[in-house]
Amino acid sequence: MRVWSRLRRAASSAHGAAVGGRPRRRAWETSLSPLERVRRLLPPEEAAAVGRCAAAPQAPPEEEKEAAAAPQVPPEAAGTRPGAFRAGELALAEVRRKHNTTLKLLCRLAAGSVLASPGGILPHHDIIGQQPGQVMRTSAGARLLLRRPSLEEYVLLMPRGPTIAYPKDVSAMLMMMDIHAGDTVLEAGSGSGAMSLFLSRAVGPKGRVVSYEIRDDHHNLAKKNYRHWRAAWEIGHMEEWPDNVDFILKDISTAAADMKSIALDAIVLDMLNPQSALPVVHPSLKEGGVCAVYLANITQVIDLLDRIRTCKLPFLCERIIEVTHRNWLVLPAKIKNGKSSQMMETQENIEEQPQKEYEEIHGQDQVVLKESEYNESLSDNAETYWSVPYIARPSYWQEAHSAFLTKLRKFRPLLS
């Protein structure tokens, strides 16, 4: 009680002096919290007691004993994801470059190979056995962040023939079709295999994806990319990626006989003339099912809708969208000499000051706090939150137009 009474008296005297004469405080004092300002007026022993009272409560001893007695689960036993890189799986290296850009390099780990980057080379045998998420140095001293690639990153970095369906469009199309595990989906236009991989993951082991491609080179490339991802997934994740995609080298417009034996939950058309495939595939699509069409130009959308109208196909156009992403850049502000701005306290720990006092403090008494004074001003028990000024603006480099996504819903015509 004696400590808190002195604390109140010190706070009231400090408040009275500030209101009466309003002395000008130094700039480094304004960065202290109200509790820390009052603690500076107390003797060291009482200030330490106040700090102990304000500290966060610790866990009871019983809880600490229970946590210590809990069995420790090994990291590899906690889930199917292993902890270290293995030979044969995919690794992604990130290299920081100028203008806050990142270069991503994809490689398949092999004992006798090397990873070549603009900052030097890194042997694969140095990566194998290491934990993902570590920063390693190349032969020239450049730093690389090594980790496992996501499916989105793999489809953007894998070998391509035709232009792929970009992940931002794929995610929108999956939402359009409302695909569930166990569904059967038809894809017309395998391309490089990007959409096939996302569909394979969406339908799961009990589902099925039937992918048609008219060109032999695209058909082989899609199968190759799909096999490489499955093999790397099995090595890196200790589980098998579902083998649920059937790649068929055939023109979809001539596959009417094949469609008679298939019941489809959804259809994806990624081809130049999707209107030629609709009369063939729509009988196999369930009532109320969705056909998502990926088209590059709006004139192709017009031709598609005109063909549906003239041929009286049982499809209703629900949506035509263009998916756009706006990239933002959020970085700490820098002064003209290229260094980061001075650290300042967050708004919730700063007392509101009149404008005149603010101008006096920041315009006339700009003092740089030395390292020793800074360490003295922060105690172990004081809760002080720090921040720096940030600049947030749209990035100079934005993603360009990729495609128009058309959602067609099959309906049952009224019987006349």
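What you see is a predicted model, and the numbers here were worked out from it, not measured in a lab.

## Examining the sheet that holds strand β8 (residues 208–213)
Spatially, β9-β8-β7-β10-β11-β17-β12 is the arrangement adopted by the seven strands of the open sheet, whose pairing is mixed. Two strands lie at the open edges of the sheet, namely β9 (245–249) and β12 (315–321), each paired on one side alone. Strand-to-strand, the axes of this sheet are offset by a mean angle of 15°, without reference to chain direction. In this sheet, strand β11 (residues 285–295) lies alongside strand β10 (residues 264–269) in parallel orientation, the contact comprising five bridges. Residue pairing for β11: L269 is matched across the bridge by V293. Here helix α10 (residues 216–237) sits on the sheet and contacts β8 and β9; the angle it forms with β9, its principal contact strand, is near 165°.

## As for the pairing of strand β6 (residues 143–147)
Where burial is concerned, the two faces of β6 differ: the one with L144 and L146 is buried and the one with R143, L145 and R147 is not. For strand β1 (residues 90–97) and β6, the ladder comprises three bridges, and the chain directions are antiparallel. Bridge pairing in β6 links A93 to L146. In this structure, strand β5 (residues 134–137) lies alongside β6, joined through four bridges in antiparallel fashion. Bridging from a neighbouring strand, M136 pairs with L144 of β6. Once β5 ends, the chain turns through five residues before running back antiparallel as β6, passing G141 with a positive phi of about 95°.

## Remarks on the packing of aromatic side chains
Tallying each qualifying case throughout the model produces five aromatic pairs. For the pair W229 and W241, a centre-to-centre distance of 5.9 Å together with 85° between the ring planes defines the contact as edge-to-face. Within this pair, whereas W229 is found in helix α10, its partner W241 is found in the loop between α10 and β9, the two being separated by 12 residues in sequence. Both rings, one in W233 and one in W241, keep their centres 5.1 Å apart while their planes meet at 75°; by these two values the pair is edge-to-face. Of the two residues examined, W233 and W241, each falls in the buried class. Here a set of aromatic residues connected by ring pairs shows up, and it is made of Y154, W229, W233 and W241. When the ring centre of Y396 is taken as origin, the NZ or CZ atom of R393, which lies over that ring, is 4.2 Å away.

Rules used throughout
- Residues numbered from 1 in each chain as written.
- Predicted model: local features only at pLDDT ≥ 70, side-chain atom pairs only at ≥ 80, totals over all residues.
- Heavy atoms only, no water.
- Pairing = 2+ DSSP bridges.
- Helix = DSSP H or I, 4+ residues; strand = E, 2+ residues; numbered from the N terminus.
- Axes fitted to C-alpha atoms, helices over the stretch in contact; angles between N-to-C directions.
- Contact = heavy atoms within 4.5 Å.
- Buried < 20%, exposed > 50% of the residue type's maximum accessible area, 1.4 Å probe, protein only.
- Phe/Tyr/Trp six-rings, centres within 6.5 Å; stacked < 30°, edge-to-face > 60°.
- Lys NZ or Arg CZ within 6 Å of the ring centre and 35° of its normal.

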